[in-house]
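# Structural features, examined
Here are the chains, one letter per residue:
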Amino acid sequence: MSKRLGLLIDQERCIGCEACTVACRIENNNTAPWILVETQNTLQKDTPEGSFPELRMNFLPRLCNHCANPPCVDSCPRGALIKREDGPVVLDEGKCDGCQVCIGVCPYHVIHFNQDRNVIEKCHFCVHRIDQGLEPFCVVCCEGQAIYFGDLNDPKSEISKIIALRKAFQLKPEKGTNPSVYYSPPKPKRRL
Ligand code: SF4
């Protein structure tokens, strides 16, 4: 069986510091103003949970899910979005004409349009690093060591073991896209 590269975010360890977003900006030379969330490849969603005094923040970094069944790939009229055999969904910029059809079909709203360059942009799992045997830059830079990267098809990989152990979940499973990004939920808070 071929590899299926995926990523797991441990919500127990994520502190919402956005080091992953900064890492992504650096690695992709993204100089758009920070405040323009629609120009970032990774997005943070912070939701308060519970009620006083038992409140906690739920941090949910979002990025391209590198779906096993990616509607963006099927929708692109120029074949500019490609599903690699090892999992990542990548863009061939030379083919992209900025039509933005893919933006409308992505159920996760993680593709954005770069007006200056007339191309779409999104997370590409740092394939230029993967192909050199390195991990995506967000994984390396995560302050809380909350991001795991590896082969979802290998039951012995660290990521597969954590997904099984922590009952990790995918976003919007009802869409039938089978995301390659998982989240392991925070453990229930202990009463003091
Ligand atoms: Fe495509 Fe959106 Fe799935 Fe990423 S999350 S592969 S952009 S459909």
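Residues numbered from 1 in each chain as written. Predicted model: local features only at pLDDT ≥ 70, side-chain atom pairs only at ≥ 80, totals over all residues. Heavy atoms only, no water.

## Re the site of the ligand
Close to the ligand lie 14 residues, the nearest being Cys 64, Asn 65, Cys 67, Cys 72 and Cys 106. Residue composition of the shell around the ligand, grouped by class: 11 nonpolar, 2 polar and 1 charged. (Near = heavy atom within 4 Å. Nonpolar A, V, L, I, M, F, W, Y, C, P; charged D, E, K, R; others polar.)

## Describing the environment of Ala 68
Relative to the helices and strands, Ala 68 is located in the loop between β3 (54–62) and α2 (71–75). The partly exposed category is assigned to Ala 68, whose relative accessible area is 29%. A C-alpha to C-alpha distance of 36 Å links Ala 68 and Leu 55, two positions 13 residues apart in sequence. (Helix = DSSP H or I, 4+ residues; strand = E, 2+ residues; numbered from the N terminus. Buried < 20%, exposed > 50% of the residue type's maximum accessible area, 1.4 Å probe, protein only.)

## Focus on the pattern of salt bridges
Two side chains of opposite charge can pair, provided their charged atoms sit close to one another. Enumeration according to the criterion identifies 6 salt bridges in this entry. With its nearest N and O atoms 2.8 Å apart, the salt bridge here joins Asp 86 to Arg 84. Ionic contacts of the salt-bridge type, sharing partners, join the residues Arg 84, Asp 86 and Asp 131 into one network. (Salt bridge = Lys/Arg side-chain N within 4 Å of Asp/Glu carboxyl O.)

## Quick notes on the packing of aromatic side chains
To describe a pair of aromatic rings, one takes the distance between the centres and the angle between the planes. One pass over the structure, following the stated rule, counts 2 aromatic pairs. On the basis of an interplanar angle of 85 degrees and a centroid distance of 5.3 Å, the ring pair of Phe 125 and Phe 149 is categorised as edge-to-face. Of this pair, Phe 125 sits in the loop between β7 (119–121) and α4 (127–130) while Phe 149 sits in strand β8 (residues 147–151), placing them 24 residues apart in sequence. No difference in accessibility class separates Phe 125 from Phe 149, as the two residues are buried. Ring plane angle 25 degrees and centroid distance 5.7 Å describe the contact between Phe 169 and Tyr 183, whose orientation is recorded as stacked. In this pair, Phe 169 sits in the loop between α6 (158–165) and β9 (181–184) while Tyr 183 sits in strand β9, placing the two residues 14 residues apart along the sequence. Among the residues examined, Phe 169 registers a relative accessible area of 30% and is labelled partly exposed. When its relative accessible area of 0% is taken as the criterion, Tyr 183 is described as buried. (Phe/Tyr/Trp six-rings, centres within 6.5 Å; stacked < 30°, edge-to-face > 60°.)

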